[in-house]
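Here's the letter readout for the chains.
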Amino acid sequence: MIAYHESGHAIVGHALPNADPVHKVSIISRGRALGWTLALPVEDKFLVTRSEMIDELAMLLGGRVAEELWFLDPTTGASNDIEKATQLARKMVCEYGMSDRLGSLVLGTKQENVFLGRDFGHQQDYSEQVAFEIDKEMRRLIDEAHVEAEQVLTTYRDVADNLVAGHVNPNGSRFRDEAGVARADGSAAD
């Protein structure tokens, strides 16, 4: 199951045009992680585009979607992926102004008083209606990323089976050639 989960991340990451390239995949447990997929940018980045974040959301959900497609019964293994995807969606909507529905606004103020036992926090400075809209927008981003990951994994289902069977090495630059995974926009990826 871990192999399919990680292959889901790797295949979605390889297929999406704005995702950072996958450099390494492991199904060997390390600490609390049962497996991991490492995607790194080609060069240092100081800014991240909306389309890169949307592809990152899909890649984060690739493991959960693989579990759903192959086993029809997802596990708790994707909990950290879901947490990261939720945090990214919230930041896109509340901090980066990347919501078509809510516009270019910063919603909520950060509490950065890290003295006297206080921790970083977030103060809601918007109405319940806006909170409802934030939740809807986050849900939309997550749902769209889930659908995108599902489309990629359905298209490349045989590639995941070959990865898990050990016929294809997910690490290194030959993955796309060996597995036949192409970017969604048809371009070659690094």
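Computed from a predicted model, the values in this text were never measured in an experiment.

### With respect to the packing of aromatic side chains
Applying the stated rule across the entire model yields 2 aromatic pairs. Taken together, the aromatic side chains of Tyr4, Trp70 and Phe71 make up a single cluster linked through ring pairs. Sitting over the face of the ring of Trp70, Arg157 holds its NZ or CZ atom 4.6 Å from the ring centroid.

### Here's the deal with the side chain of Ser7
Relative to the assigned elements, Ser7 resides in helix H1 (residues 2-15). Residue classification places Ser7 among the buried positions, given a relative accessible area of 4%. Apart from residues no more than four positions distant in its own chain, Ser7 is found in contact with Ala160, Leu163 and Val164.

### Here's the deal with the environment of Val22
Tracing the backbone shows Val22 in strand S1 (residues 22-26). Owing to a relative accessible area of 6%, Val22 belongs among the buried residues under this scheme. Each C-alpha atom of the pair Val22 and Leu40 lies 6.5 Å from the other, and the pair is 18 residues apart in sequence. What Val22 contacts, discounting residues up to four positions off in sequence, is Ala10, Gly13, His14, Thr37, Leu38, Ala39 and Met59.

### Considerations on unusual backbone geometry
A positive phi is found at Leu72, a non-glycine position, where the angle reads about 60 degrees. Position of Leu72 among the secondary structure elements: in the loop between helix H2 (50-71) and helix H3 (79-94). A relative accessible area of 72% means that Leu72 is categorised as exposed.

### Focus: H3
For H3, which comprises 16 residues, the first-to-last C-alpha distance of 22 Å matches the rise-based estimate of 22 Å (1.5 Å per residue) to within 8%. Listed in full, the buried residues belonging to H3 are Asp81, Ala85, Leu88, Ala89, Met92, Val93 and Cys94. In the core, the buried residues of H3 are packed alongside H1, H2 and helix H4 (128-155).

### Some details on H1
Here H1 contains 14 residues, and its C-alpha end-to-end distance of 20 Å stays within 8% of the 20 Å for a straight helix at 1.5 Å per residue. Burial analysis of H1 places 12 of its 14 residues in the buried class, which makes it a mostly covered element. Every buried residue of H1 is listed here: Tyr4, His5, Glu6, Ser7, Gly8, His9, Ala10, Ile11, Val12, Gly13, His14 and Ala15.

### Observations concerning the nonpolar core
With 42 residues, the main nonpolar core has Ile11, Val12, Leu57 and Ile134 as its most contacted residues. Those residues in contact with Val12 that sit more than four places away from it in its chain are Ala58, Met59, Gly62, Ala149, Val152 and Leu153.

### Here we look at the side chain of Ser99
Mapping Ser99 onto the fold places it in the loop between H3 and strand S3 (109-111). Other than its neighbours up to four places away in sequence, Ser99 contacts Met92, Val93 and Glu137.

So, how was this worked out
- Residues numbered from 1 in each chain as written.
- Predicted model: local features only at pLDDT ≥ 70, side-chain atom pairs only at ≥ 80, totals over all residues.
- Heavy atoms only, no water.
- Phe/Tyr/Trp six-rings, centres within 6.5 Å; stacked < 30°, edge-to-face > 60°.
- Lys NZ or Arg CZ within 6 Å of the ring centre and 35° of its normal.
- Helix = DSSP H or I, 4+ residues; strand = E, 2+ residues; numbered from the N terminus.
- Buried < 20%, exposed > 50% of the residue type's maximum accessible area, 1.4 Å probe, protein only.
- Contact = heavy atoms within 4.5 Å.
- Expected span 1.5 Å × (residues − 1).
- Core = buried A, V, L, I, M, F, W, Y, C linked by side-chain atoms within 4.5 Å.

No statement about biological role is implied by the geometric values presented.
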